[in-house]
Amino acid sequence: MRRALIALSILCFSTTAALAQLSINFSGHGVNIGVDLPVYPSLQRVPGYPVYYAPGVNSNYFFYDGLYWVYDGDNWYASSWYNGPWYLVDRFDVPVFLLRVPVRYYRHPPAYFRSWRASDAPRWGEHWGSSWEQRRSGWDQWNRSAAPAPAPLPTYQRQYSGTRYPQAQQQAAIQTQSYRYQPSDPVAQQNFQQRRAQAQAAPQAQPQPQQQAAQPQQRQRPQVQPVQQPQPLERQRPQQQAERPQQQQAAQQQQQATRQQQQAERQQQQQAAQQQQQATRQQQQAERQQQQQQQAARQQQPQVERQQPQRTAVEQTQRAVQQAQQQAAAAREQPQPRAQPQERESRGKGQDKGQDKGREERGQ
């Protein structure tokens, strides 16, 4: 028996030493980060990752290794229940699989996410600086085919909503009884250990005043007032049946909002793809028209060069014809020159000779 106790203490000491670097107190009151979920959210698996996300919640809401996670205001918060309380987790201690989730699964991404590709993980090293990058080097390098299986969803929490949502002390007891998953991440392990210790210590808190006064006299073991546990399921059934329509209606509304949001995202993606294809077609058509115009210009250039000498010869011929026509017209317009005196005298002598010859012939 003594050896078993010694071995158990050694095991607890080794586990405590492994988690000594973490400074997260999950037993405190937590902080308010503005996440208020009236019912259990609808969670969907991130393809290829052991992580779930909530598409119907207007925040960066995830589930990994037995804990709910929210990224808000450049900080990570964790809780073992879907609506808190939430506890701040140091950025150096955030699990790597949460850091690897692509940007498109952040439903409320900060402004500096917009310049990053939706299919890639956020550039944490670029945003948080070189000191973080050195301590968390290799966070974005992993074998996707060897990713671990996701933790089972704590669906037992669906029956706790609205006014029936338990307090932190009750949450520890319910979780210890209803959720048997053993986490592997150090942050989740520390949460589960503190929750288990809180649940075990809860029955020993605040003994009755009458028992404290009687303890020195009777030397009896004081009786402890047990912590009020949730009502048994048999007593809760009428209340559950009354709340079930409201829960179903809220779940249906949430699912409908999720479908509408997904449909709107698909339509936006399709419109963007169509616009891009149309712009590509227009650019290709403009390039073809430009090529056709350039080719037509190349084809017309030799014809112009060949026609230039022909036009020159035709023009020269036309000029020569016009000059000849002008000369002929000018020649027609000039007056006929008169006969010279010598020609007249020769004509008169000829006439006289003819007359003398005629007389001689008559005389004979």
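Residues numbered from 1 in each chain as written. Predicted model: local features only at pLDDT ≥ 70, side-chain atom pairs only at ≥ 80, totals over all residues. Heavy atoms only, no water.

## Quick word on the overall build of the protein
Within the protein, the secondary structure is distributed over nine helices and six strands. Looking at the 364 residues of the protein, the share that counts as buried comes to 28%. Of the contacts formed within the protein by residues at least 6 apart in sequence, a portion of 61% connects residues at least 24 apart. Of the roughly 25900 Å² of accessible surface on the protein, a fraction of 45% belongs to carbon and sulfur atoms. (Helix = DSSP H or I, 4+ residues; strand = E, 2+ residues; numbered from the N terminus. Buried < 20%, exposed > 50% of the residue type's maximum accessible area, 1.4 Å probe, protein only. Contact = heavy atoms within 4.5 Å. Areas by Shrake-Rupley, 256 points an atom, 1.4 Å probe, with all protein chains shown as cover.)

## Looking at the sheet that holds strand β5 (residues 75-79)
The strand order across the open sheet built from six strands is β1-β2-β3-β4-β5-β6, with neighbouring strands paired in antiparallel fashion. Bordering the open sheet on either side are β1 (44-45) and β6 (87-89), each of which pairs with just one other strand. Across two bridges, strand β2 (residues 52-53) lies against strand β3 (residues 60-64) in antiparallel orientation. Each bridged residue has a counterpart across the sheet, and for tyrosine 52 the counterpart in β3 is phenylalanine 63. (Pairing = 2+ DSSP bridges.)

## Looking at the pattern of salt bridges
Overall, the coordinates contain four salt bridges when judged by the stated rule. Aspartate 74 serves as the salt-bridge partner of arginine 91, at 3.8 Å between the closest nitrogen and oxygen. Highlighted residues: arginine 91 in the loop between β6 and α2 (96-99) and aspartate 74 in the loop between β4 (67-72) and β5, separated in sequence by 17 residues. In this structure, arginine 123 and glutamate 126 form a salt bridge, with 3.6 Å as the shortest nitrogen-oxygen distance. We classify arginine 123 as partly exposed; its relative accessible area is 40%. For glutamate 126, a relative accessible area of 56% corresponds to the exposed category. (Salt bridge = Lys/Arg side-chain N within 4 Å of Asp/Glu carboxyl O.)

## Brief notes about helix α6 (residues 186-201)
If you check α6, its first and last C-alpha atoms are 22 Å apart, about what 16 residues at 1.5 Å a residue would give, namely 22 Å. Residues of α6 that are buried sit in contact with β4, β6 and α5 (168-178). Of the residues flanking the start of α6, the one acting as N-cap is aspartate 185, its side-chain oxygen 3.0 Å from the backbone nitrogen of valine 187. (Expected span 1.5 Å × (residues − 1). Polar contact = N/O pair within 3.5 Å; in protein donor to acceptor, adjacent residues only side chain to side chain.)

## Some points on the confidence of the model for the protein
Mean pLDDT over the protein works out to 77, with 69% of the residues at or above the 70 mark. Counting contacts from residues 4-20, a segment whose pLDDT is below 50, to residues more than four positions away or on other chains yields five contacts. Counted against residues more than four places away or in other chains, residues 204-230, with its pLDDT under 50, gives 24 contacts. (pLDDT = per-residue confidence, 0-100.)

## Some points on unusual backbone geometry
The residue after glycine 84, namely proline 85, is reached through a cis peptide bond having omega 10 degrees. Tracing the chain through its elements places proline 85 in the loop between β5 and β6. Positive phi, close to 55 degrees, is recorded for aspartate 65, a residue that is not glycine. By secondary structure assignment, the location of aspartate 65 is in the loop between β3 and β4. Positive phi is not limited to glycine here, since aspartate 74 has a value of about 70 degrees.

## Overview of the side chain of glutamine 157
Note on placement: glutamine 157 falls in the loop between α4 (130-135) and α5. Judged by relative accessible area, glutamine 157 falls into the buried class, the value being 0%. Ignoring sequence-local partners within four residues, the contact set of glutamine 157 consists of Tyr40, Tyr68, Ser80, Trp81 and Tyr82.

## Notes on the packing of α5 against α6
One way to put it is that α5 packs onto α6 with a least axis distance of 8 Å and a crossing angle of 105 degrees. It follows from the interaxial angle that α5 and α6 lie roughly perpendicular. Contacts from Ala168, Gln169, Gln171, Ala172, Ala173, Gln175 and Thr176 of α5 reach α6 at Asn191, Phe192, Arg195, Arg196, Gln198 and Ala199. Taken together, the residues of the contact of α5 with α6 sort by class into five nonpolar, six polar and two charged. (Axes fitted to C-alpha atoms, helices over the stretch in contact; angles between N-to-C directions. Parallel < 35°, antiparallel > 145°, perpendicular 65-115°, else oblique. Nonpolar A, V, L, I, M, F, W, Y, C, P; charged D, E, K, R; others polar.)

## So, the pairing of β4
Taken across its six residues, β4 has five buried, putting it largely inside the fold. Summarising the sheet, β3 and β4 pair through five bridges and their orientation is antiparallel. What sits directly across from phenylalanine 63, in β4, is tyrosine 68. Hairpin connection of β3 to β4: two residues between the antiparallel strands, including aspartate 65 at a positive phi of 55 degrees. Pairing between β4 and β5: five bridges, direction antiparallel. Across the sheet, residue tyrosine 71 finds its bridge partner in β5, namely tryptophan 76.

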